[in-house]
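# Results of the structural survey
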Amino acid sequence: MTKYVIPAPKQPAVPVVGGGLFPVRRIFCIGQNYLADVKEMIGDHVKETDDEEKNAIPVVFNKPADSICTGGNIALPLATDNLHYEGELVVAMKGGGSNLSPYAAEEMIFGFAVGCDLTRRDLQEVAKELSGPWEMAKAIDNGAVVGGILPERDFWALEKAHLILSVNGEVRQSENLKEMIKPVWNIVADISRYFEVKPGDLIFTGTPAGVGQLLPGDRVRVGINDLAPVEFRVTNR
Ligand code: MN
């Protein structure tokens, strides 16, 4: 067998509640999935369009699989003066496909987790101004923080759930998941119109209003009812 010429990179993985590891293939993220957040974020930067076809294209971006981080100490990322938290529900996929119906997409879900999409907001503002890619704003080392995955497909139970993100014990984001513009199976179906969804994919489903800056020393906690919470502390570079 032909051998790797350098040591093979470690397979990124997330612990599953109750035991085992979920291997991560890709991390899809969607934006603008809570009305209050859309109003907060769009400001002057995004031009509204009357083009229905353009409006139908979902806001989707990727983070690298090896940007997965399960909490603890996270050094302030390089090259930003405005690191933001975005508390989110994360979907873990056990199956996939292309052009999935929402019903088929639901069947492919392995479970759910709590996540925090760390964002260089200053670089995202520049990207929006220049109509450039969000890569520098979003594909941050350790920038996809995720808690243990609960192997549970009952989103209806979660839909009554509430996301709470606090910084140093002070609540900054607090929103019921039923306020999502698109439910999780529609999000998976949307992504599958552009990419083949596969086992091992994680999907960050967007953040509610209340995003804000993190500084070294800040302690962040994100919880969604009975899901394993995400906890981390920002440290100096
Ligand atoms: Mn996000």
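Residues numbered from 1 in each chain as written. Predicted model: local features only at pLDDT ≥ 70, side-chain atom pairs only at ≥ 80, totals over all residues. Heavy atoms only, no water.

Per the counting criterion, the structure on display carries 3 aromatic pairs. Ring geometry for Phe 28 and Phe 195: centres 5.3 Å apart, planes at 45°, overall tilted. Here Phe 195 lies in the loop between α7 (184–191) and β14 (202–204) and Phe 28 lies in strand β3 (residues 27–30), a separation of 167 residues in the sequence. (Phe/Tyr/Trp six-rings, centres within 6.5 Å; stacked < 30°, edge-to-face > 60°. Helix = DSSP H or I, 4+ residues; strand = E, 2+ residues; numbered from the N terminus.)

This part is about the environment of Ala 13. Checked against the element boundaries, Ala 13 lands in strand β1 (residues 13–15). Sequence separation of Ala 13 and Thr 70 is 57 residues, and the distance between their C-alpha atoms is 9.3 Å. Those residues in contact with Ala 13 that lie beyond four places of it in its chain are Leu 21, Phe 22, Pro 23, Val 24 and Ile 68. (Contact = heavy atoms within 4.5 Å.)

Before going further, it helps to spend a moment on the pattern of salt bridges. According to the stated counting rule, one finds 12 salt bridges in the structure shown. Across the salt bridge formed by Arg 153 and Glu 107, the nearest N and O atoms sit 3.4 Å from each other. Residue Arg 153 is located in the loop between β11 (144–146) and α6 (155–159), and its partner Glu 107 is located in helix α3 (residues 102–107); the two are separated by 46 residues in the primary sequence. Given a relative accessible area of 35%, Glu 107 falls into the partly exposed group. Measuring nitrogen to oxygen at the nearest pair gives 3.5 Å for the salt bridge that ties Glu 179 to Lys 178. The exposure class assigned to Glu 179 is partly exposed, which follows from its relative accessible area of 37%. The exposed category is assigned to Lys 178, whose relative accessible area is 52%. Overlapping salt bridges, with partners in common, bring together Lys 63, Glu 86, Asp 117, Arg 121 and Lys 138 in one network. (Salt bridge = Lys/Arg side-chain N within 4 Å of Asp/Glu carboxyl O. Buried < 20%, exposed > 50% of the residue type's maximum accessible area, 1.4 Å probe, protein only.)

None of this, on its own, says anything about what the molecule does.
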